[in-house]
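# Coordinate inspection notes
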Amino acid sequence: MLYSVRMRAAQGGAHEQGGTHISGAERLVGEAEWKQVAAEMLERAVSHSKGSADFINLIVETVSRNNVQEITCLPIQSVAGSDVPAGRKAAQAELIKAGVAPAAASAGVAAVAGLQGSMRGAMVLCAKTGKRLDDSGERGIRVSRMDIADNQAYLNWLRRQGYGNMHIREALVLASKVLSAPGVVAELCWSDDPEYTTGYIASATVYTRFTNLKPYGCSIGGRVFFVKENTDLAQLTDYLQYRPVMVKVPAEETNDA
Ligand code: WAQ
Ligand code: MG
Ligand code: MG
Ligand code: MG
């Protein structure tokens, strides 16, 4: 058995009662790990840079190993930007490269930048028109039931490239699952954590980080999944929320080739 452990935390009451989203997390781990993972999530909910939660929802569910899909993690590249307008312009160019129409790319950036409060999930936008397609409102679609297959190999792989922080570790797993979903063309993300200004664009082939997608101290952040026209949304959200996915690090390139 695997254990899907999911947490969402808010301040000022539950999310569904208008509380502000503080933090969320999702893991898919083995029998030996789930209690520890759950305890770490509770700690995170009460020690977050957005404030301390007064509402925490923690769910633990078993998931059969039979239905698990294995996918490979996207490779990473980083682009240093001079300021936020330059970062957002470069991010839009990356979206266009991934197959998103220019108007849809700018609509996606505007959709995240214009959020009034934190969503706990993502918006789904048409990659051609930029029109929002999901009906999840201020909640958004939350991706879950994914994790890294071999955590130590992952940490080593990241460290060799100079990456180590928790944001990258989690975001790359999420993005790899999202881009493996039927109909998804690209993802746009920057954090709602006020101190974390780096965001990314994920395409089918690469995860590109941009150092400045928002000003330091700003707690407006979110995610957009760009999908092909005529994508079956019910099938997509079912995959993103329920299909258990394990992410493997890419095969090593050897030096003695
Ligand atoms: N499913 C869908 N949307 C989510 C999920 C999820 N599981 N988790 C977070 N979001 C949405 C939600 O709207 C959050 O408010 C927003 O994303 C930001 O979440 O390479 O840390 O966890 O250096 O604050 C990206 C760059 C960091 C990492 C992203 O996002 C890097 C980050 P956060
Ligand atoms: Mg978070
Ligand atoms: Mg997160
Ligand atoms: Mg956050």
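Residues numbered from 1 in each chain as written. Chains lettered and ligands numbered in written order. Predicted model: local features only at pLDDT ≥ 70, side-chain atom pairs only at ≥ 80, totals over all residues. Heavy atoms only, no water.

## Observations concerning the packing of aromatic side chains
Cut-off, in case you're wondering: Two rings belonging to Phe, Tyr or Trp (six-membered ring only in the last case) form a pair when the distance between their centres is within 6.5 Å. Interplanar angles under 30 degrees mark stacking, angles over 60 mark edge-to-face geometry, and anything in between is tilted. Only DSSP runs of H or I reaching four residues or more are called helices, and only runs of E reaching two or more are called strands; each is numbered from the N terminus. Whether a charge sits over a ring comes down to the Lys NZ or Arg CZ being within 6 Å of the ring centre and within 35 degrees of the ring normal.
Across all of its chains, the model carries three aromatic pairs by this definition. Ring geometry for Tyr 3 versus Trp 34: centroids 5.3 Å apart, planes at 10°, classification stacked. With Tyr 3 in strand β1 (residues 2–11) and Trp 34 in helix α1 (residues 34–46), this pair connects stretches of sequence that are 31 residues apart. Its end group placed over the ring of Tyr 239, Lys 177 keeps NZ or CZ at 5.5 Å from the ring centre.

## Re the coordination of the magnesium ion (ligand 4)
Rule in force here: Any N, O or S atom lying within 2.8 Å of the metal counts as a donor, and for Na, K and Ca the limit rises to 3.2 Å; water is left out, so some sites can look incomplete.
Asp 192 (OD) and Asp 193 (OD) make up the full set of protein donors to the magnesium ion (ligand 4), lying at 2.0 to 2.1 Å. For the pair the magnesium ion (ligand 4) and the magnesium ion (ligand 2), the metal-to-metal distance amounts to 3.1 Å.

## Observations concerning the nonpolar core
Note the following rule: Definition of nonpolar core: a set of buried residues of the types Ala, Val, Leu, Ile, Met, Phe, Trp, Tyr and Cys, connected through side-chain atoms within 4.5 Å. Under the scheme applied here, a residue whose accessible area is under 20% of the maximum for its type counts as buried, over 50% as exposed, and between as partly exposed, the area being computed with a 1.4 Å probe on protein chains only. Contacts are residue-level and defined by heavy atoms, with any inter-residue pair within 4.5 Å sufficient.
Ranked by internal contacts, the top residues of the largest apolar core, which has 36 residues, are Tyr 154, Leu 158, Leu 172, Val 178, Tyr 200, Tyr 207 and Leu 240. Secondary-structure elements contributing two or more residues to this core are β7 (146–148), α4 (151–160), α5 (166–179), β8 (184–190), β9 (199–202), β11 (222–227), α6 (233–242) and β12 (245–248). Here the element with the most residues in this core is α5; it accounts for eight residues. If we skip the residues at most four places from it in the chain, Leu 172 touches Cys 73, Leu 74, Ile 76, Tyr 154, Trp 157, Leu 158 and Tyr 207. One finds Leu 95, Val 109, Met 123 and Phe 226 within the second-largest nonpolar core, a separate group that totals 21 residues.

## Section: unusual backbone geometry
Its identity is not glycine, yet Arg 145 carries a phi of approximately 60°, on the positive side. On the secondary structure map, Arg 145 appears in the loop between β6 (123–126) and β7. Exposure remark for Arg 145: the relative accessible area of 8% places this residue in the buried category.

## Some details on the site of ligand 1
Counted only if it meets this: The cutoff for a nearby residue is simple: one of its non-hydrogen atoms must lie within 4 Å of the molecule or strand. By the criterion applied in these results, polar contacts are pairs of N or O atoms within 3.5 Å in which, for protein atoms, one can donate a hydrogen and the other can accept it, and in which residues neighboring in sequence qualify only through two side-chain atoms. To be clear on the numbers: accessible area is Shrake-Rupley with a 1.4 Å probe, and residue cover counts the displayed protein chains and nothing else. Charged residues are taken to be Asp, Glu, Lys and Arg, nonpolar residues to be Ala, Val, Leu, Ile, Met, Phe, Trp, Tyr, Cys and Pro, and polar residues to be all remaining types, Gly included.
The full set close to ligand 1 counts 23 residues, and His 167, Ser 191, Asp 192, Tyr 196 and Tyr 207 are the nearest of them. Contact between ligand 1 and Arg 142: a nitrogen atom at 3.1 Å from a side-chain N or O atom of the residue. Backbone polar atom of Val 143 to a nitrogen atom of ligand 1: 2.7 Å apart, as the coordinates give it. In the complex, 95% of the free accessible area of ligand 1, which totals 700 Å², lies under the protein chains. Listed by contribution, the elements that provide at least two residues to the shell around ligand 1 are α5, β8, β10 (207–210) and β11. It is α5 that contributes the most residues to the shell around ligand 1, three residues altogether. A per-class count over the shell around ligand 1 returns 11 nonpolar, five polar and seven charged.

## Side note on the sheet that holds β12
In a beta sheet, neighbouring strands are held together by backbone hydrogen bonds and run either parallel or antiparallel to one another. We apply this condition: Here the rule is simple: two strands pair whenever DSSP picks up at least two bridges between them. Note on method: axes are straight lines fitted to C-alpha atoms, helices fitted across the in-contact stretch only, with angles between N-to-C directions ranging 0 to 180 degrees.
The strand order β4-β12-β7 describes an open sheet built from three strands, whose pairing is parallel. Two strands bound the open sheet, and with one partner strand each, they are β4 (69–72) and β7. Taken over all neighbouring pairs, the strand axes of this sheet differ in orientation by 30° on average, direction set aside. Relative to β12, β7 is paired through three bridges, and the arrangement is parallel. Looking at the pairing, Ile 148 lines up with Val 247 of β12. Packed on one face of the sheet, α5 meets β4, β7 and β12 and runs near 125° to β7.

## Let's talk about the state of the cysteines
Heads up, the condition is: Pairs of cysteine sulfur atoms within 2.5 Å are what we label disulfides.
For the structure shown, the criterion picks out zero disulfides. Residue Cys 73 stays outside any disulfide, its sulfur separated by 15 Å from that of Cys 189, the closest cysteine. Among the residues examined, Cys 73 registers a relative accessible area of 3% and is labelled buried.

## Section: the domain arrangement of the chain
The cut-off we apply is this: The split of the chain into domains comes from an automatic or database domain assignment. By convention, the term buried area covers the 1.4 Å-probe accessible surface removed from two parts as they join, with the contributions of both added. A pair is scored as a salt bridge if a Lys or Arg side-chain nitrogen falls within 4 Å of a carboxyl oxygen belonging to Asp or Glu.
Under the domain assignment, the chain is made up of domain 1 (2–67) and domain 2 (70–248). The straight-line distance from the C-alpha centre of domain 1 to that of domain 2 is 20 Å. The interface is formed by 19 residues belonging to domain 1 together with 20 residues belonging to domain 2. Interface area, domain 1 with domain 2, both sides summed: about 1,700 Å², of which 49% is carbon and sulfur. Three residues stand out in domain 1 for area buried against domain 2, namely Glu 26, Leu 28 and Asn 67, and they jointly supply 33% of the buried area on that side. The interface formed by domain 1 and domain 2 holds five salt bridges in total. Between Asp 192 and Lys 50 there is a salt bridge whose closest N-O contact spans 3.1 Å. Contributing elements (two or more residues each) for the side of domain 1 that touches domain 2: β1, β2 (20–30) and β3 (55–63). A total of seven residues in the side of domain 1 that touches domain 2 trace back to one element, the largest contributor, which is β2. Per-class residue counts for the side of domain 1 that touches domain 2 are five nonpolar, seven polar and seven charged.

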